[in-house]
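Remarks on the overall topology
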Amino acid sequence: MAFKVTDKVTWVGKVDWMLKKFHGEEYSTHKGSSYNSFLIQDKKTVLIDTVWQPFAKEFVAELKKVIDLDKIDYIVANHGEIDHSGALPELMKHIPDTPIYCTANGVRSLKGHYHEDWNFVTVKTGDVLDLGESKQTFVEARMLHWPDTMFTYMSGDNILFSNDGFGQHYATDPLYNDLADQDELFHECIKYYANILTPFSTFVTKKIEEVLGFNLPLNMICPSHGVIWRDNPAQIVEKYLEWANNYQENQVTIIFDSMWNGTRRMAEYIGEGIREADRDVSIKIFNAGIKDKNDILTEVFKSKAILVGAPTINKGITYAAIGILEMIKGLSFKNKKAAAFGTYGWSGESPKIINEELAKAGFEIVSEPIKELWNPNEEALLRCKDFGKEFAEKIK
Ligand code: FEO
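Residues numbered from 1 in each chain as written. Predicted model: local features only at pLDDT ≥ 70, side-chain atom pairs only at ≥ 80, totals over all residues. Heavy atoms only, no water.

**What about the packing of helix α10 (residues 319–330) against helix α11 (residues 350–360)?**
Defined as follows: For every element, the axis is a line fit to its C-alpha atoms; helices are fit only across the contacting stretch, and the angle between N-to-C directions ranges from 0 to 180 degrees. A helix here means a DSSP run of H or I that spans at least four residues, while a strand means a run of E at least two residues long, and both kinds are numbered starting from the N terminus. An angle counts as roughly parallel when it lies under 35 degrees, as roughly antiparallel when it exceeds 145, as roughly perpendicular when it falls between 65 and 115, and as oblique in every other case. Each crossing gets its handedness from the near helix: less than a right angle anticlockwise from the far helix is left-handed, clockwise is right-handed. Contacts: residue pairs with any heavy atoms within 4.5 Å of one another. As a working rule, the residues Ala, Val, Leu, Ile, Met, Phe, Trp, Tyr, Cys and Pro are called nonpolar, Asp, Glu, Lys and Arg charged, and the rest polar, with Gly in that last group.
At a closest axis distance of 9 Å, the pairing of α10 and α11 adopts a crossing angle of 15°. With respect to each other, α10 and α11 are oriented roughly parallel. Pair α10 / α11 crosses with right-handed handedness. Each of I322, L325 and K329 in α10 lies in contact with α11, whose residues at this interface are I354, E357, L358 and K360. Among the residues making up the contact of α10 with α11, the classes are represented as four nonpolar, no polar and three charged.

Laid out in structure tokens, this is it:
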């Protein structure tokens, strides 16, 4: 499959409808994904990015239907990660001397992945590749989301090839923002931002301000995953500015793990207490052992406060609870409040451990942890409810 985006630009990527997990097991892709590669045919011809390695042979075979590979003058690798560079080894077997334009860090990552000494051309912000009628201008986009990432701006058609930035793991057809299901699209956008870009929000804001400062006309944003933003591309830029600015909604997320339902009951009664104290706040309760971890993280991103609970096991906490706490810590959320809870039978360390993990993750701890012995009785459940009420007052 290939399709014309403009007279000069052809999409030559891969829509991966079957993808369920990305980055190993780290990211769930309920709606698949796409690896967008673009062929620009001007006086000179350039290929921007490729596709994930399992589709390498297919990619090259399909590309041959669009162009004689020997006519590709340049390759631009905006980012070295395998989902975009994975077809390079297969492609370079056919055109081994074709120059590959990328950042200095891009050379490091591509050499590190493929151990090939290809004809790399190192570029930095402001460098230009002249294709004849149009020009490709490179803009380093360090930490969006890797140190090697760059954007490429095409004059004439006024397209920003933004690689992972402004993308989504979303398989849809046609790959245009205005023709996609808007609820699905924006859900995948915020999930992608929350799970991938949150730690780099400062870089997001700075880079967007820098690019806006160039005052370049912008007809489209072509990311390397998901839809092409051709209808009002500024809308996703505005969303990014909003999300990068310590985004939160009036929401509390309660995450728990439970062995015999005691911690689940604590979670639910804490939720009841919050509801009694605040009729407007949105409350979401998830079992970390069951609910998709990336969907939980998306809800944490949207929350102004979270509570995390788990029973004590072997003087520690459960696998699911420590797993989600580790992921929460990695995303460096800002300006969010938290508290911990849990049941125990013997030693009772879990709420304290959770509390420490939340503090390490940068959350403001607003309540001392609450723990209940064995299966909470009515008295204990009322304590949980009161705990929820007090928590709600503290986060108002
Ligand atoms: Fe950072 Fe889509 O790869």
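**Quick notes on the pattern of salt bridges**
This is how it is decided: The salt bridge criterion pairs a side-chain nitrogen of Lys or Arg with a carboxyl oxygen of Asp or Glu, the two atoms within 4 Å.
One pass over the structure, following the stated rule, counts 30 salt bridges. Here the salt bridges share partners, and the residues they tie into one network are E272, E276, K385, D386 and K389.

**What to know about the sheet that holds strand β13 (residues 135–140)**
Just so we agree on the cut-off: Any two strands are treated as partners once DSSP identifies two or more bridges connecting them.
Spatially, β12-β13-β14-β15-β16 is the arrangement adopted by the five strands of the open sheet, whose pairing is mixed. The open sheet has two free edges, formed respectively by β12 (128–130) and β16 (220–223), since each of these has just one partner strand. Strand-to-strand twist across the sheet, computed as the mean angle between neighbouring axes with direction ignored, equals 20°. Sheet analysis places strand β14 (residues 150–154) next to strand β15 (residues 159–163), joined by three bridges and oriented antiparallel. For Y153, the partnering residue across the bridge sits in β15 and is L160.

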